[in-house]
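Reading the structure
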Amino acid sequence: MTLLSIRDLTVHHGQLRAVDRLSLRVGEGEVLAVIGANGAGKSSLLRAVAGLTPPSSGSIHLRDRDITRLPAHERVCAGVALVPEGRRLFRSLTVQDNLLTGTYRKRPGPWTLARVYELFPWMADRRRQNAAQLSGGEQQAVAIGRALLSNPDLLLLDELSLGLAPVVVRRIYEVLPGIVSGGTAALIVEQDVAQAMRVAGRVHCLLEGRSVLEGRPQDLNAARVEHAYFGIGEERH
Amino acid sequence: MEILNAVIQGLLIGGLYALFAAGLSLMFGVMRIVNLAHGDLAVVAAFLALALVSGTGLPLWLVVLVTVPMFALLGYLTQRVLLQRSLSSGPLATLLVTFGLSIVLQNVLLEAFSADTRTLDGGSFATGSFRLNAAVSIGYLSLATFLLAVLVLIGIQLFLSRTGLGRMLRASADDRETAGLVGGNPRHIYGIATAIAFATVAIAGLMFAMRSSFDPSIGPSRLIFAFEAVVIGGLGSLWGTLLGGVVLGVTQSLGAQIDPALTLLAGHLVFLAVLAFRPQGLIPGRTA
């Protein structure tokens, strides 16, 4: 069953057409990865789904509900949560207060503060620490915990690997299967193709705002992904 | 002994300055709005209470209980209807809107109540005092105002730290867009911040009106004291605001001991000194 359905979505970033008549869907409990080079329109896509950037045209449906014009805070109530690029923790709040902001809308679901502490045990010991004092990887984990506490049906993850050491990225991605096994679907935007392919059930590759390749990771060979990623025509090889 | 008396009187009036300043600090901390109409709102509260007392014959304590929630509601509506529209146009637009509001309020008061100086009769409570010793006497109203200021600040502090809405207020002060991503409706959150600011300034206006005379044009001078208390204490810090108010009050009081003409100047000089040597204030806030 389809959870998120995007049809002919166009998003402008200033004068630039960042997403160009894109259509895609995410099934219930599915992990969809959107890969692409810098400037391919991945983050603009997520910002439009989260309600931060209004699309120029097209539609976004969550189940049967049209959420295209819904403001960001109401999309949280509808079941969409974004882990934004750069973590964007509330720097003057403690770790626990950052997490608790995720409970503001109180959607029913399996995620509680105790369960987030179970997922990231170190957080409980450092819950009174200021979020600004955490390392990049720790901040990323808090940002994920904060999003989970709103008990979303769809988790949007924007460039989890950005600015983090590979070992930290691996650790962050290790918790993802545990998150989606509870039924939460995830739409991942990622430049780290290998990581994205490892966790996703399906992949879209964006180029200049359009989907140029779609499929299951096991059906896509490295050369096809590489060509789609860099926009290299097949005829040149 | 005169010095001790001056320090105590200054400390007590510092509570009133903190009450004036708390809302100003909160609105700036959460929304980056510098409310130039803040002092005039205190005067509006004073005139409103005066009109209610003389018009309905209700006792003053009841009028105070009615005026403060009315101001909270007025604050929420002012934010949603007036200030929110200007927020998207940048800080200069909100500055101009609150400046315009200040002028409008002063002129409406002038039209409705004339330029005459008024007082809010607080009865024996406003004029009574008790003696600590031969040189130091403490007014009941001054002491009540100071204690009220401390209670209001504790209340705001508890609200900000212990409630979900208070947490969202702090989160919005840090990063408005991300607060929306966790479900915070910025318009509602800003409305709540303004409601608290208006309620505190109403309390300040009423306490001020019981101890001093007032007229429609004194708002801006109250605003200057509030600004000075906020800057001396540290932007975005509630307890800094109380300390700022106390420092300002004590300085003015000590200045008056040297020469009554120095009362205001002494406060301004301390304000300038803090700006020059410790611009972050005595207790810098987290949202400053």
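Quantities reported herein were computed from a predicted structural model and do not represent experimental measurements.

**Quick notes on the overall build of chain B**
Of the regular secondary structure elements, chain B holds 12 helices and 2 strands. Each helix (α) and strand (β) of chain B, taken in turn from the N terminus, gives the series α-α-α-α-α-β-β-α-α-α-α-α-α-α. Referenced to the eigenvectors of the C-alpha coordinate spread, the extents of chain B come out at roughly 60 × 50 × 35 Å. Expressed as a percentage of the 288 residues in chain B, the buried residues total 51%. Pairs at least 24 apart in sequence give 76% of the contacts found in chain B among residues at least 6 apart.

**Things to note about the overall build of chain A**
The number of helices and strands found in chain A is 10 helices and 10 strands. Taking 237 residues into account, the globule formula puts the C-alpha radius of gyration at 18 Å, and chain A, at 17 Å, falls close to it. The dimensions of chain A, computed from C-alpha atoms along their principal axes, are 55 × 40 × 35 Å. Excluding contacts between residues fewer than 6 apart, the proportion of contacts in chain A whose partners are at least 24 apart in sequence is 70%.

**Describing the UniProt feature "transmembrane region" (unreviewed entry) in chain B**
Here, the residues flagged by UniProt with the feature "transmembrane region" (unreviewed entry) are residues 6–26, 90–110, 138–160, 189–211, 223–248 and 260–277 of chain B. Taken end to end, residues 189–211 of chain B is 100% helix and 0% strand, and its first and last C-alpha atoms sit 34 Å apart.

**A closer look at the interface of chain A and chain B**
Taken together, the 21 residues of chain A in the interface contact 17 residues of chain B. When contributions to the side of chain A that touches chain B are tallied by element, the ones reaching two or more residues are α2 (72–78) and α3 (95–101) of chain A. For the side of chain A that touches chain B, the element with the highest residue contribution is α2 of chain A, accounting for 4 residues. Classifying every residue of the side of chain A that touches chain B gives 11 nonpolar, 5 polar and 5 charged.

**Details of the environment of Leu12 of chain B**
All names here are of chain B. Looking at where Leu12 falls in the secondary structure, it is placed in helix α1 (residues 2–31). Sequence spacing of Leu12 and Gln106 is 94 residues, and the spatial spacing of their C-alpha atoms is 28 Å. The residues contacting Leu12, other than those within four sequence positions of it, are Ser142, Leu143, Thr145 and Phe146.

**Considerations on the packing of α1 of chain B against helix α9 (residues 186–211) of chain B**
All names here are of chain B. Two numbers describe how α1 lies on α9: the axes approach to 8 Å, and their chain directions differ by 165°. As far as their axial angle goes, α9 and α1 are roughly antiparallel. Crossing of α1 against α9: the hand is left-handed. Across the interface between the two elements, Leu16, Leu19, Phe20, Ala22, Gly23, Leu26, Met27, Val30 and Met31 from α1 touch Tyr190, Ala193, Thr194, Ile196, Ala197, Phe198, Thr200, Val201, Ile203, Ala204, Met207 and Phe208 from α9. Its residues assigned to classes, the contact of α1 with α9 shows 18 nonpolar, 3 polar and no charged.

**Quick word on the sheet that holds strand β4 (residues 57–62) of chain A**
Through backbone hydrogen bonds, the strands of a sheet pair up, either in parallel or in antiparallel fashion. Taken together, the 4 strands give an open sheet; going across it, the order is β2-β1-β4-β5 (chain A), and neighbouring strands pair in antiparallel fashion. The strands lining the two open edges of the sheet, one partner per strand, are β2 (16–27) and β5 (65–66) of chain A.

**Quick notes on the sheet that holds strand β9 (residues 202–207) of chain A**
Residues and elements named next belong to chain A. Read from one edge to the other, the open sheet built from 6 strands follows the order β6-β7-β8-β3-β9-β10, with strand pairing classed as mixed. Of all strands in the sheet, those bounded by a partner on one side alone are β6 (80–83) and β10 (210–215). Going from strand to strand, the sheet's axes swing by 20° on average, the running direction of each strand aside. The sheet contact formed by strand β3 (residues 31–35) and β9 spans 4 bridges and is parallel. Counted as the bridge partner of Ala33 is Val203 from β9. Running at roughly 175° to β6, helix α6 (residues 136–148) makes contact with β6 and β7 (154–158) of the sheet.

**Side note on unusual backbone geometry**
The phi torsion at Asp8 of chain A lies on the positive side, around 50°, for a residue other than glycine. Of note, the phi angle at Arg63 of chain A is positive, near 55°, even though the residue is not glycine.

**Thoughts on the nonpolar core**
Grouped together as the largest cluster of nonpolar side chains are 158 residues, with contacts concentrated most on Leu156 of chain A together with Phe20, Ala45, Ala46 and Ala193 of chain B. Broken down by element, the residue count for this core peaks at 18 residues, all from α9 of chain B. For Ala193 of chain B, the residues in contact, after removing those within four places along its chain, are Leu26, Met27, Val30, Met31 and Leu169 of chain B.

**Topic: the environment of Gly155 of chain B**
On the secondary structure map, Gly155 of chain B appears in helix α6 (residues 140–162). Since 12 C-beta atoms lie within 10 Å of it, Gly155 of chain B is described here as exposed.

**Looking at the confidence of the model for chain A**
Mean pLDDT for chain A: 89, with 98% of residues reaching 70 or above. Ranking the elements of chain A by mean pLDDT puts helix α10 (residues 222–230) of chain A last with 76 and α3 of chain A first with 96.

**As for the packing of helix α2 (residues 38–56) of chain B against helix α3 (residues 60–87) of chain B**
Residue and element names in this part refer to chain B. At their nearest, the axes of α2 and α3 sit 10 Å apart, and the two run at 135° to each other. What the angle tells us is that α2 and α3 run oblique. When the axes of α2 and α3 are compared, the crossing they make is right-handed. Of the residues in α3, those in contact with Ala45, Leu48, Ala49, Leu52 and Val53 of α2 are Leu60, Val63, Val64, Val66, Thr67 and Phe71.

**Notes on the pairing of strand β1 (residues 2–13) of chain A**
Residues and elements named next belong to chain A. Of the pairings in the sheet, the one linking β1 to β2 comprises 8 bridges and is antiparallel in character. Paired with Ser5 across the two strands is Arg25, which belongs to β2. From the end of β1 to the start of β2, which pair antiparallel, there are 2 residues, and Gly14 there has a positive phi angle of about 65°. Bridging between β1 and β4 involves 5 bridges; their strand directions are antiparallel.

Basis of the calculations
- Residues numbered from 1 in each chain as written.
- Chains lettered and ligands numbered in written order.
- Predicted model: local features only at pLDDT ≥ 70, side-chain atom pairs only at ≥ 80, totals over all residues.
- Helix = DSSP H or I, 4+ residues; strand = E, 2+ residues; numbered from the N terminus.
- Buried ≥ 20, exposed ≤ 12 C-beta atoms within 10 Å, placed from the backbone.
- Contact = placed C-beta atoms within 7 Å.
- Rg over C-alpha atoms; globule rule 2.2 N^0.38 Å.
- UniProt positions renumbered as here; feature names shortened; annotations may be inferred.
- Nonpolar A, V, L, I, M, F, W, Y, C, P; charged D, E, K, R; others polar.
- Axes fitted to C-alpha atoms, helices over the stretch in contact; angles between N-to-C directions.
- Parallel < 35°, antiparallel > 145°, perpendicular 65-115°, else oblique.
- Left-handed = near helix turned anticlockwise from the far one by under 90°.
- Pairing = 2+ DSSP bridges.
- Core = buried A, V, L, I, M, F, W, Y, C linked by C-beta atoms within 7 Å.
- pLDDT = per-residue confidence, 0-100.

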